[in-house]
Amino acid sequence: METGLLFIVSGPSGSGKSTLCKDLVKLIPDIQFSVSYTTRLPRKDERPGEAYHFVSRETFTAMIDKGEFAEWAEIYGHLYGTPRSVIEQTLRKGNDLLFDIDGQGSRQLKKNYPRAITIFLIPPSLEELEKRLQKRETDSSAVIGERVAKAGAEIAQARGYAYIIINDIYAQALQALHSIVLAEKHRGERMKKHLTIFGKPR
Ligand code: ADP
Ligand code: 5GP
C-alpha cells in the first residue's frame, strides 16, 4: 500500500517557517500540519492545538519516558517534540504531513523516515532576519540577539537539504514551497495508481 509523504521545513528562527507552513496548508488542504508539543508559553495569537499543544515540562518528560515522540529537542530553553502516533496514523492512511521543526529534529526524522523531503528556508540576510524578529514582537531583544547569533551556524547546515528557499519576497517563497510540494506529489511513482483505469501497458 502507498504511504503518504513527509515534508520537513527547517530554518533559523524568523526565517518564515510558521507563516509559510500556515499558508501552504491553505493552498493544499489535503496536507496535514504536524502539531508539535512544547513547554513554551503560547504567543498572543496562538491557540492551543493549532501551531502547538502547550504542556508543562512535567507532562513533556512523562511523554519522553513513554516513547511518545518520534524526535524531540531542547531549543532556547524550551522542549519541543513531534508525536510519533500522528506520523504513523497519517502515513498509514496515505496522507501527507508537514513539519516545522529545527535542524536536529529534521536530521532525526530523516534518519527514521529516509524518504522524508527536506526543505530549508534562509532569510535574505542576517540584518533582515533581525528586523523580522523585532517586528514579530514575540521575543525580548536578548532572545532575538541569541537567535540571530545562532542563525549563521544553522544556515551552514542547509547543504544537506533536498531543497533550499530564500525567503526574500514572500509571495515568491510561498510559490517555491507550493511548487516543491506539488512536484513531489506528482512524481511518476506516486501517480502510477491513476494509470490503471486506462488498462494494461501495451
Ligand atoms: P519562523 O516560524 O521561522 O520563526 P515566522 O514565520 O514567525 O518565522 O516569521 C518571522 C516574522 O517575519 C513574522 O512576523 C512574519 O510575518 C515575517 N515574515 C515572514 N516572511 C517574510 C517576508 N518574506 N518578508 C517580510 N516579513 C516576513
Ligand atoms: P518557536 O518557539 O519560534 O515556535 O520555535 C522554535 C524552534 O523550534 C523552531 O526552529 C521550530 O522549527 C522548532 N520546533 C517546533 N516544533 C518542533 C519539534 O517538534 N521538534 C523540533 N526538533 N523542533 C521543533
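Up top is the structure these notes are about.
Residues numbered from 1 in each chain as written. Chains lettered and ligands numbered in written order. Predicted model: local features only at pLDDT ≥ 70, side-chain atom pairs only at ≥ 80, totals over all residues. Heavy atoms only, no water.

(A) Geometry of the overall build of the protein chain. Scanning the protein chain from terminus to terminus reveals eight helices and nine strands. Principal-axis analysis of the C-alpha atoms gives the protein chain an extent of 65 × 40 × 30 Å. Here the protein chain, with 202 residues, has 42% of them falling under the buried criterion. In the protein chain, of all internal contacts separated by at least 6 residues, the share reaching a separation of at least 24 is 66%. For the protein chain, the distance from the average site of its 30 positive side-chain charges to the average site of its 25 negative ones is 7 Å. (Helix = DSSP H or I, 4+ residues; strand = E, 2+ residues; numbered from the N terminus. Buried < 20%, exposed > 50% of the residue type's maximum accessible area, 1.4 Å probe, protein only. Contact = heavy atoms within 4.5 Å. Lys, Arg positive; Asp, Glu negative; His and termini not counted. Charge placed at Lys NZ, Arg CZ, Asp CG, Glu CD.)

(B) Molecular detail of the site of ligand 2. As a matter of local geometry, ligand 2 sits amid 16 residues, with Ser-36, Arg-40, Tyr-52, Glu-71 and Tyr-80 nearest to it. At 2.6 Å from an oxygen atom of ligand 2 is found a side-chain nitrogen or oxygen belonging to Ser-36. In this structure, Asp-100 approaches ligand 2 through a side-chain N or O atom, which is 2.7 Å from an oxygen atom. Relative to its unbound accessible area of 510 Å², ligand 2 is 94% covered by the protein chains. Taken together, the elements giving at least two residues each to the shell around ligand 2 come down to β5 (69-75) and β6 (78-83). Its residues placed into classes, the shell around ligand 2 shows five nonpolar, four polar and seven charged. (Near = heavy atom within 4 Å. Polar contact = N/O pair within 3.5 Å; in protein donor to acceptor, adjacent residues only side chain to side chain. Areas by Shrake-Rupley, 256 points an atom, 1.4 Å probe, with all protein chains shown as cover. Nonpolar A, V, L, I, M, F, W, Y, C, P; charged D, E, K, R; others polar.)

(C) Focus on the site of ligand 1. Gly-14, Ser-18, Thr-19, Arg-136 and Asn-167 are the nearest of the 13 residues found near ligand 1. If ligand 1 stood free it would expose 570 Å²; the protein chains cover 77% of that surface. Of all the secondary structure elements, the ones that give two or more residues to the shell around ligand 1 are α1 (17-27) and α5 (126-136). In terms of residues, the shell around ligand 1 owes the most to one element, α1, which gives three residues. Taken together, the residues of the shell around ligand 1 sort by class into two nonpolar, seven polar and four charged.

(D) Representation of the sheet that holds strand β4 (residues 52-54). Strand order in the open sheet formed by four strands is β4-β3-β6-β5, and the pairing between neighbours is mixed. Two strands in the sheet have a free side with no partner beyond their single neighbour: β4 and β5. Each strand axis lies, on average, 25 degrees off the axis of its neighbour in the sheet, ignoring direction. Strand direction decides the pairing type here: β5 and β6, joined by six bridges, are antiparallel. The partner of Ile-75 across the bridge, within β6, is His-78. Sitting on the sheet, helix α3 (residues 84-92) touches β5 and β6, and the angle it makes with β6 is about 25 degrees. (Pairing = 2+ DSSP bridges. Axes fitted to C-alpha atoms, helices over the stretch in contact; angles between N-to-C directions.)

Taken by themselves, the reported measurements are silent on function.
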